[in-house]
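Descriptive analysis of the structure
Chain residues, written in single-letter form:
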Protein chains: 2
Amino acid sequence: MFGVQKTTLLNIFFIGSGKLAHNLAMAFLQTGDIHIAGVYSRTPAHAKAFAVKFKTIVFNEIKDIPANCDVYFLAVSDTAIQSISDQLLVTGIVVHCSGLMPLSALSAQLHKGVFWPVQTFSGAYELEFKNIPVCIEGNEEEDLKIIEAVAHRISKNVLRVKEKERQQLHLAAVVVNNFTNHLFVVAAKWLQENNLNFDLLKPLITETANKILKVPPYLAQTGPASRKDLVTIAKQEELLTSNPSLLKIYRLISSGIMDNIE
Amino acid sequence: MFGVQKTTLLNIFFIGSGKLAHNLAMAFLQTGDIHIAGVYSRTPAHAKAFAVKFKTIVFNEIKDIPANCDVYFLAVSDTAIQSISDQLLVTGIVVHCSGLMPLSALSAQLHKGVFWPVQTFSGAYELEFKNIPVCIEGNEEEDLKIIEAVAHRISKNVLRVKEKERQQLHLAAVVVNNFTNHLFVVAAKWLQENNLNFDLLKPLITETANKILKVPPYLAQTGPASRKDLVTIAKQEELLTSNPSLLKIYRLISSGIMDNIE
């Protein structure tokens, strides 16, 4: 039944044509042995642009999607997964790409799995996929092997995970991506309020991320709180009296840093 | 009086031989027209290693430091600046390298300034200096011009700032560096508690920092809080009941993200 056993050319299908779908399609195209059989999107113009870029075919109705592709990528928002899956009448493996949603959101599918790349994707450019970890799940060993083979075509870091592990990892991803970015947002606002340019922080932000590639984060910690420099902390809190929301973050994270030193 | 007006070869002196001194010395050596006249450190072994690496001379007593170098870099901890400055009997310009300490910490000096690179330095490797912003201050225009000329030798981004602006920028640097790193620390601990590998987050951390080089941070925001996805937030809070310190951060930052969306 599955192409992977009969031929090296795997047929995959994209449902959704957003940032993740673009990044996945680009990575798969570059492997040379994956065929993108088609694309469906709620927004036909997006599906068309995707089809032109990746030389594939648009299907305008879910019911018209060919039933026998090897893998269907449900690259849609978490809230759309269940409802699209419910309408999808196919025999191939359907995978969703969410860090959070349970496999059971694909209850309508006989063959199902999860294909979650631990990364944030931008509309502006495609990322090199080979170093991006891909967490996979499946409810049958046979399906899981195919999902694994497909994942290995684009990533050298493929992990079989349990649902709870994926959710724990997703939570950590929220912390290092969404929360870190929020710190960038509040720092940018603070600088803007004081007529200073956020660009001044860019080399520091780059180096902050680079450093933990080389040393564990707890060894990379510096600054007033890590020195328990209460005089500096008091001065900085005073500077922040005009900005109560940043002051709250300042207090909580500074005390967290100090707790970790003890 | 100052070498910069008589010759292109500037004489600089390092007081302190830590990470910042190493990074500055490497950058200055590469310019070819700066001479490192000597080094002093509280820890003689560190001064010696520095002197060997940068082909300069160790001075073991503050009182023996030659008086007529062009610029003295006080690359020491904030708390040591005032006391070392008080013992330093020189005629050249003394600059401290702190984001936080006032210029008045150098009250014993006739010619003084601030030379603050907006960056975090590691012991493990030297950074390319040319893109690192350097904030400078001085109490006389003549001194400031020399400090500026010296800074321009190693950085293409030299800014004259006021003391308060430097402190505001330093606070933002604490947020994007120390606080971001704390998020990495708590995420690493959370993963360790759950037997998951922090390395899985490294490509995401790299991309989180890369993204804001291309788009403003408020446009780079994604995740449950930015979608006001209260169902997911409630699920993640439940996952965190075993980790009250991360739960506090989760609640505060998630609500901050939601407030910014409104």
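Residues numbered from 1 in each chain as written. Chains lettered and ligands numbered in written order. Predicted model: local features only at pLDDT ≥ 70, side-chain atom pairs only at ≥ 80, totals over all residues. Heavy atoms only, no water.

Examining the overall build of chain A
Helix and strand counts for chain A stand at ten helices and seven strands. Its C-alpha atoms put chain A at 70 × 40 × 30 Å along the principal axes. Split into buried and exposed, the 262 residues of chain A put 60% on the buried side. Put simply, 54% of the contacts in chain A that link residues at least 6 apart link residues at least 24 apart. (Helix = DSSP H or I, 4+ residues; strand = E, 2+ residues; numbered from the N terminus. Buried < 20%, exposed > 50% of the residue type's maximum accessible area, 1.4 Å probe, protein only. Contact = heavy atoms within 4.5 Å.)

Digging into the interface of chain B and chain A
Listed by partner, the interface residues are 79 residues for chain B and 79 residues for chain A. Both faces combined, the contact of chain B with chain A buries some 7,800 Å², and carbon together with sulfur accounts for 71% of it. Summed over the three residues of chain B that lose the most area to chain A, namely Leu171, Phe179 and Leu200 of chain B, the buried surface amounts to 9% of that side. Counting every contact that joins chain B to chain A gives zero salt bridges. Applying the counting criterion to the chain B and chain A interface returns 21 residue pairs in polar contact (both at pLDDT 80 or more). Counting residues per element, the ones that place at least two in the side of chain B that touches chain A are α6 (163–193), α7 (202–214), α8 (217–220), α9 (230–239) and α10 (244–261) of chain B. Considering each element in turn, the side of chain B that touches chain A owes the most residues, 27 residues, to α6 of chain B. (Buried area = accessible area lost by both parts, 1.4 Å probe. Salt bridge = Lys/Arg side-chain N within 4 Å of Asp/Glu carboxyl O. Polar contact = N/O pair within 3.5 Å; in protein donor to acceptor, adjacent residues only side chain to side chain.)

Looking at the sheet that holds strand β6 (residues 134–138) of chain B
All names here are of chain B. Reading across from one edge, β2-β1-β3-β4-β5-β6-β7 is the order of the seven strands in this open sheet, with mixed pairing throughout. Of all the strands in the sheet, the pair left with one neighbour each is β2 (34–40) and β7 (158–160). Strand-to-strand twist of the sheet, defined as the mean angle between neighbouring strand axes without regard to direction, takes the value 25°. With three bridges joining them, strand β4 (residues 93–96) and strand β5 (residues 112–117) adopt parallel strand pairing. Opposite Val95, over in β5, you have Gly113 as the bridge partner. Sitting on the sheet, α6 is in contact with β4, β5 and β6, with an inclination near 25° to β5. (Pairing = 2+ DSSP bridges. Axes fitted to C-alpha atoms, helices over the stretch in contact; angles between N-to-C directions.)

A short note on the side chain of Thr180 of chain A
Residues and elements named next belong to chain A. Note that Thr180 resides in helix α6 (residues 163–193). Residue Thr180 is classed as buried on the basis of its relative accessible area, which comes to 2%. A polar atom in the side chain of Thr180 sits 2.9 Å from the backbone oxygen of Val176.

Looking at the relation of the copies chain B and chain A
Each copy of the sequence occupies a distinct position, and chain B is placed on chain A by a rotation of 180° and an axial shift of 0.0 Å, giving an RMSD of 0.0 Å. Here the copies are linked by what is in effect a two-fold axis. Considering only C-alpha atoms, the part of chain B nearest the rotation axis is Thr180 of chain B, at 2.8 Å. Mapped onto chain A, 100% of the interface residues of chain B are again interface residues, and the two copies thus contact each other with one and the same surface. (Least-squares fit on C-alpha atoms with pLDDT ≥ 70 in both.)

Some words on the sheet that holds strand β4 (residues 93–96) of chain A
All names here are of chain A. Spatially, β2-β1-β3-β4-β5-β6-β7 is the arrangement adopted by the seven strands of the open sheet, whose pairing is mixed. In the strand order of this sheet, the two ends are held by β2 (34–40) and β7 (158–160), each with one partner. Pairs of neighbouring strands in the sheet enclose a mean axial angle of 25°, with direction left out of account.

Let's talk about the packing of aromatic side chains
A complete count under the given rule lists 20 aromatic pairs over all chains for this structure. When the ring of Phe28 of chain A is compared with that of Phe115 of chain A, the centres are 6.4 Å apart and the planes differ by 50°; the resulting orientation is tilted. Taken together, the residues Phe28 of chain A in helix α2 (residues 19–31) and Phe115 of chain A in strand β5 (residues 112–117) connect sequence positions 87 residues apart. Among the residues examined, Phe115 of chain A registers a relative accessible area of 1% and is labelled buried. Their ring planes at 55° and their centres at 5.5 Å tell us that Phe179 of chain A and Tyr250 of chain B sit as a pair that is tilted. Linking Phe179 of chain A in helix α6 with Tyr250 of chain B in helix α10, this pair reaches from one chain into another. The same class applies to Phe179 of chain A as to Tyr250 of chain B, namely buried. An aromatic cluster of three or more residues is present, and its members are Phe14, Phe28, Phe50, Phe54, Phe73 and Phe115 of chain A. (Phe/Tyr/Trp six-rings, centres within 6.5 Å; stacked < 30°, edge-to-face > 60°.)

Overview of the pairing of β6 of chain B
All names here are of chain B. A large share of β6 lies buried, amounting to four of its five residues. As paired strands, β5 and β6 are joined by five bridges and run antiparallel to one another. For Trp116, the partnering residue across the bridge sits in β6 and is Cys135. Relative to β7, β6 runs parallel, the two being bridged by three bridges. When the bridges of β7 are listed, Val134 appears paired with Val158. Where the polypeptide runs from β6 across helix α5 (residues 141–154) and back to β7, its parallel neighbour, the crossover connection is right-handed. (Right-handed = clockwise from strand over helix to strand, strands pointing away.)

Thoughts on the environment of Lys228 of chain A
All names here are of chain A. Locating Lys228 in the fold gives a position in the loop between α8 (217–220) and α9 (230–239). We classify Lys228 as partly exposed; its relative accessible area is 33%. Along the backbone, Lys228 and Phe59 are 169 residues apart, and their C-alpha atoms lie at a distance of 61 Å.

Observations regarding the confidence of the model for chain A
Per-residue confidence for chain A gives a mean pLDDT of 94; residues scoring 70 or more make up 97%. Taken together, the stretch residues 1–6 of chain A has pLDDT below 50 and engages in 18 contacts with residues farther than four places along the chain or on a different chain. (pLDDT = per-residue confidence, 0-100.)

Thoughts on the domain arrangement of chain A
Accessible area lost during the coming together of the parts is what is often quoted as the interface size. Residues and elements named next belong to chain A. Domain boundaries assigned for chain A yield domain 1 (10–161) and domain 2 (167–260). Placing the centre of domain 1 and that of domain 2 at their C-alpha centroids yields a distance of 36 Å. Facing the six residues of domain 1 at the interface are five residues of domain 2. Interface of domain 1 and domain 2: buried area, both sides summed, is about 490 Å²; carbon and sulfur atoms make up 70% of it. Three residues stand out in domain 1 for area buried against domain 2, namely Gly99, Leu100 and Trp116, and they jointly supply 66% of the buried area on that side. Applying the counting rule to domain 1 against domain 2 returns one residue pair in polar contact (both at pLDDT 80 or more). Residues belonging to the side of domain 1 that touches domain 2 are distributed by class as follows: four nonpolar, two polar and no charged. (Domains from an automatic or database assignment. Nonpolar A, V, L, I, M, F, W, Y, C, P; charged D, E, K, R; others polar.)

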